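These are the residues of each chain, in order.
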Amino acid sequence: MTPTTTIDAMDQAAREQAEFGVLYAGIQQFYAHQMQLFDSFRAESWAATFTEEAIFDVPTLPEPVRGRDALAVCVRHNEELAQRTGERLRHWLGMLDVQPRPDGTVHVRAYALVYMTPRDGIPKVHRVCVMQDTLVRRRGHWRTAHRVVSRDDLA
Amino acid sequence: MTPTTTIDAMDQAAREQAEFGVLYAGIQQFYAHQMQLFDSFRAESWAATFTEEAIFDVPTLPEPVRGRDALAVCVRHNEELAQRTGERLRHWLGMLDVQPRPDGTVHVRAYALVYMTPRDGIPKVHRVCVMQDTLVRRRGHWRTAHRVVSRDDLA
Amino acid sequence: MTPTTTIDAMDQAAREQAEFGVLYAGIQQFYAHQMQLFDSFRAESWAATFTEEAIFDVPTLPEPVRGRDALAVCVRHNEELAQRTGERLRHWLGMLDVQPRPDGTVHVRAYALVYMTPRDGIPKVHRVCVMQDTLVRRRGHWRTAHRVVSRDDLA
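Read on for a plain summary of the structure. (Residues numbered from 1 in each chain as written. Chains lettered and ligands numbered in written order. Predicted model: local features only at pLDDT ≥ 70, side-chain atom pairs only at ≥ 80, totals over all residues. Heavy atoms only, no water.)

## Considering the pattern of salt bridges
Residue and element names in this part refer to chain B. A full pass over the atoms with the stated rule returns 17 salt bridges over all chains. With a shortest N-O distance of 2.6 Å, R76 and E44 are connected by a salt bridge. Pair noted here: R76 is in helix α3 (residues 68-85) and E44 is in helix α2 (residues 43-47), with a separation of 32 residues, a long-range link. In this structure, a network of salt bridges that share partners links the residues R127, R151 and D153. (Salt bridge = Lys/Arg side-chain N within 4 Å of Asp/Glu carboxyl O. Helix = DSSP H or I, 4+ residues; strand = E, 2+ residues; numbered from the N terminus.)

## So, the interface of chain A and chain C
With 29 residues of chain A at the interface, the matching set in chain C holds 25 residues. Where chain A abuts chain C, roughly 2300 Å² becomes buried across the two surfaces, and 57% of that area is made up of carbon and sulfur atoms. Scanning the region where chain A abuts chain C turns up one salt bridge. With its nearest N and O atoms 2.8 Å apart, the salt bridge here joins R90 of chain C to D152 of chain A. Summed over the shared surface of chain A and chain C, the result is eleven residue pairs in polar contact (both at pLDDT 80 or more). (Contact = heavy atoms within 4.5 Å. Buried area = accessible area lost by both parts, 1.4 Å probe. Polar contact = N/O pair within 3.5 Å; in protein donor to acceptor, adjacent residues only side chain to side chain.)

## Section: the side chain of R90 of chain B
Summarising the element assignment, R90 of chain B is placed in strand β3 (residues 87-100). The class for R90 of chain B is buried, based on a relative accessible area of 4%. In terms of polar contacts, R90 of chain B uses its side chain to reach the side chain of D152 of chain C, at 2.8 Å. Not counting the four nearest positions on each side in its chain, R90 of chain B is found in contact with D39, L113, V114 and Y115 of chain B together with Y111, V128, V130 and D152 of chain C. (Buried < 20%, exposed > 50% of the residue type's maximum accessible area, 1.4 Å probe, protein only.)

## A word on the relation of the copies chain A and chain C
Laying chain A over chain C is done by rotating through 120° and shifting 0.0 Å along the axis; what remains is an RMSD of 0.0 Å. As the rotation angle and translation indicate, the two copies are arranged about a three-fold axis. Of all interface residues in chain A, a mere 17% are interface residues in chain C too; the two copies therefore contact each other through different surfaces. (Least-squares fit on C-alpha atoms with pLDDT ≥ 70 in both.)

## What about the packing of aromatic side chains?
In total, this model carries 24 aromatic pairs over all chains according to the counting rule given. One residue, R137 of chain B, lies across the ring of W142 of chain B, its end atom 4.8 Å from the ring centre. (Phe/Tyr/Trp six-rings, centres within 6.5 Å; stacked < 30°, edge-to-face > 60°. Lys NZ or Arg CZ within 6 Å of the ring centre and 35° of its normal.)

## As for the interface of chain B and chain A
Chain B puts 29 residues into the contact, and the matching count from chain A is 25 residues. Taken together, chain B and chain A are joined by one salt bridge. Ranked by residue count, the leading element in the side of chain B that touches chain A is β3 of chain B, at eight residues. Here the residues of the side of chain B that touches chain A are counted per class, giving 18 nonpolar, six polar and five charged. (Nonpolar A, V, L, I, M, F, W, Y, C, P; charged D, E, K, R; others polar.)

Laid out in structure tokens, this is it:
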């Protein structure tokens, strides 16, 4: 390896790290916003963070949900449930393992927690899950194209 | 749109994403440090992460606290309480939704958890909260100018 | 200070912030991957995220573990335990206070949580800890050279 190619390789590595840093922060922000919309029952805004044909496969639903309209229905169902029970849910992600793929999509494997607080009651950890997402970029914004969630208690 | 303006717009978008990435990481570091100072009872150092005239509005206090001296008093109170009860608190933030504003301030809406561990005892989730901060930049450092916290059990 | 040095100082500060942003994201990704390997019992892959001579000092072990072979043994022990008990552990880090040092190493002080979920059971917060790591860069990858963990219930 000549000195020149060494320097080029260093530049290349530094550039890739810099790009990854921008990507990682952008994806953290995307999820923060997405989860807060979900917990605030903003059904249409939350559904819009998925692609039109997104697949949402979670163990609490009998079969995978497809598309934004069906996703929004889930949120409205959650809202009715919360009004009836007085229980408030908070969805947290952490330990985001972000893997860009050659086709421009990004795979994310992350841990997901659900905290539940009854009105005037004691909060608790409700669910411990693993989330796997495929993200795609649409008009400069990340969108979830495919999500699979597994629950640790059912695994 | 001419090809040139398209390229300019792409450059502009890439530059904004890069700036946001730097901002996002800097704010995560700011909060990590701020929360660790708080839980370590470093009263003056923690108070110094707020602006001189900061307002700190949390449901456990009867009225909003104003300014660094009053903030430091809160930490010393926490320290006395911890020594008496033997309970150790850890404040976590997550799901940081970071929104830069045109005036150069940054609005952050985040989830906040408090874990509590009795000496030789079993840890538990003590509080589930939402934190809303206005951050300002002073001499190259982020400072909290205004904080409002709501507790899920009281909401 | 002349206007030129002021501009240079601003450029310098902006460059340092940008470098810190890249560093912070890279370290978050490093830990996300490291913790997921640990919880998935990928013993050798996890051990390879430490330096050859790494020291791993945690309160659940009678003495500090040294080196990759001994680290891998810990993971295999965890796997056997999990198979026997049916309990699944998830290790989370948060509040990462990342401090680069002049010698090129990075010191990280972070909060660490362990969630535990029994098969078909109710999840709980198992441990609340503080983790202190020294990270070094080897062939373009972060590696843990030294880790000390303290448990809040034993502190």
